[in-house]
Amino acid sequence: MFIVVIGSGLSGTVASSLLRHAGYRVNLFETRTHVAGNCFDKRDDNFVVHAYGPHLFHTNDQEVWNFLSESTEWTGYQHLVLADTPQGRIPIPYNSQTECWLGRRYRDQEIRDLIFKDYSQKQWGIPWEQMPAAITGRVPMRRENEDMRYFTDKYQGQPKDGYTAMFERMLEGIPVHLGVGKDEWRKHAAKADLVIYTGKIDEYFNYCYGRLPYRSLRFEHQRSRERLPVAVINQCNTLPYTRMYDHRYFSEESAIGAPPLPEGEETIITKEYPMAHDETNEPFYPMPFGEGQALYQKYKKLADGEKKTIFIGRLATYSYLDMWMAVKQAMVKLRPIVGRGPFV
Ligand code: UDP
């Protein structure tokens, strides 16, 4: 059986790797000129720059962790985030230390207004009143202990040599075709016995029902001698960007309190501006609620009728998947073909 995988992001790369290890002939096609999708990072002196926004790995899923650990060692990085709010700079998610910084216990409604309202309106481009629970429920509202970590998962860390290196190891032995035009991969897909598609589902069907809404991002990178006090600072206010981050932390063991840089060295600090997706930018976040969800259901019906194609990943299943969820989804959807494998 000859299998064509479209897209070398996390879903496409995991799928390719699982299929190859199960003995299938796999070819991977990618429209960008590099692998790793939005996890792509590149080395700058002695740290890696996350070219498409910060990627922080965390999971409670043993199978996912075991599988990725075949292709990388991990640092002990545990993510921390501070937020700039009208009440000053505070640790989030809201925990008992936040309470100390704020000077009193905040009610749920106050936390919502302080941490979520402005940020979410910027991020999603919709008024707070229309924000679906799928988004508001993603970040824990309140933590009744002093744990300041952004994630509490059992397994956390960053790939020791960066994400791109981890992807390259997963793809060893698989023919990878980069910079492939959209019409070109369609020709290869037509010749395959099975296609694993990880691109935009609306694009697969030539936008026959119209374009699905996605949020995009614009990055403003700046070289700096000054470090941020913590890896990421969210902007829970009306400034036009949602967060700023210091890339050097992502290659270090601690997300807080970096010492001054040695003479002649710099970090890169990025500000992230959310915006609507169109033909001129990349789709980052699907919007699977309201009209977006209704439109996706129409495309999903078409996808269910495609007997030779399996749709996986954020863009092809139009869902807000974290990294571990994308890995798990690929494992589960390919299980009928590749079996359970040795990672459980
Ligand atoms: N969010 C927020 N304020 C914050 C952090 C998150 O309102 O300081 C909301 C916002 O709607 C965001 C969602 O929670 O889109 C998910 O946040 P997360 O940090 O998981 O975003 P990601 O890293 O996936 O961009």
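Scroll up a little and you will see the structure.
Conventions used here
Residues numbered from 1 in each chain as written. Predicted model: local features only at pLDDT ≥ 70, side-chain atom pairs only at ≥ 80, totals over all residues. Heavy atoms only, no water. Buried < 20%, exposed > 50% of the residue type's maximum accessible area, 1.4 Å probe, protein only. Helix = DSSP H or I, 4+ residues; strand = E, 2+ residues; numbered from the N terminus. Pairing = 2+ DSSP bridges. Polar contact = N/O pair within 3.5 Å; in protein donor to acceptor, adjacent residues only side chain to side chain. Contact = heavy atoms within 4.5 Å. 1 Å grid on protein atoms, 1.4 Å probe; cavity = no way out; pocket = protein on both sides within 12 Å on 5 of 7 lines; lining within 4 Å. Points joined across faces, edges and corners; volume = space filled by probe spheres on them. Nonpolar A, V, L, I, M, F, W, Y, C, P; charged D, E, K, R; others polar.

## Digging into the pairing of strand β10 (residues 194-197)
Here's step 1: Both faces of β10 are covered, namely the face carrying Leu194 and Ile196 and the face carrying Val195 and Tyr197.
Here's step 2: Of the strand pairs in this sheet, strand β1 (residues 2-6) and β10 are connected by four bridges, and their pairing is parallel. Each bridged residue has a counterpart across the sheet, and for isoleucine 6 the counterpart in β10 is tyrosine 197.
Here's step 3: The pairing of β10 with strand β16 (residues 309-311) spans three bridges and is parallel. Looking across to β16, one finds that tyrosine 197 is bridged to phenylalanine 311.

## A closer look at the side chain of asparagine 237
Here's step 1: Residue position: asparagine 237 is located in the loop between β12 (232-235) and β13 (243-246).
Here's step 2: By relative accessible area, asparagine 237 is classed as buried at 14%.
Here's step 3: A distance of 2.9 Å separates the side chain of asparagine 237 from the side chain of glutamine 235, its partner in a polar contact.
Here's step 4: A polar contact of 3.0 Å, which involves the side chain of asparagine 237, links it to the backbone nitrogen of leucine 239.
Here's step 5: Those residues within four positions of asparagine 237 in sequence are excluded, and the remaining contacts are Asp84, Asp118 and Lys122.

## Overview of the environment of threonine 98
Here's step 1: Note on placement: threonine 98 falls in helix α3 (residues 96-102).
Here's step 2: Taking the C-alpha atoms as reference, threonine 98 lies 23 Å from alanine 133; in sequence the two are 35 residues apart.
Here's step 3: Here threonine 98 is in contact with Ile90, Pro91 and Pro93, once residues within four sequence places are set aside.

## Brief notes about empty space enclosed by the protein
Here's step 1: Counting across every chain of the model gives one cavity of 30 Å³ or more.
Here's step 2: The calculated volume of the largest cavity comes to roughly 30 Å³.
Here's step 3: Every residue along the wall of the largest cavity is listed here: Leu56, Phe57, Tyr77, His79, Phe151, Gln156, Gly157 and Gln158.
Here's step 4: When its residues are assigned to classes, the lining of the largest cavity shows four nonpolar, four polar and no charged.

Function cannot be inferred from these measures alone, as they are strictly geometric.
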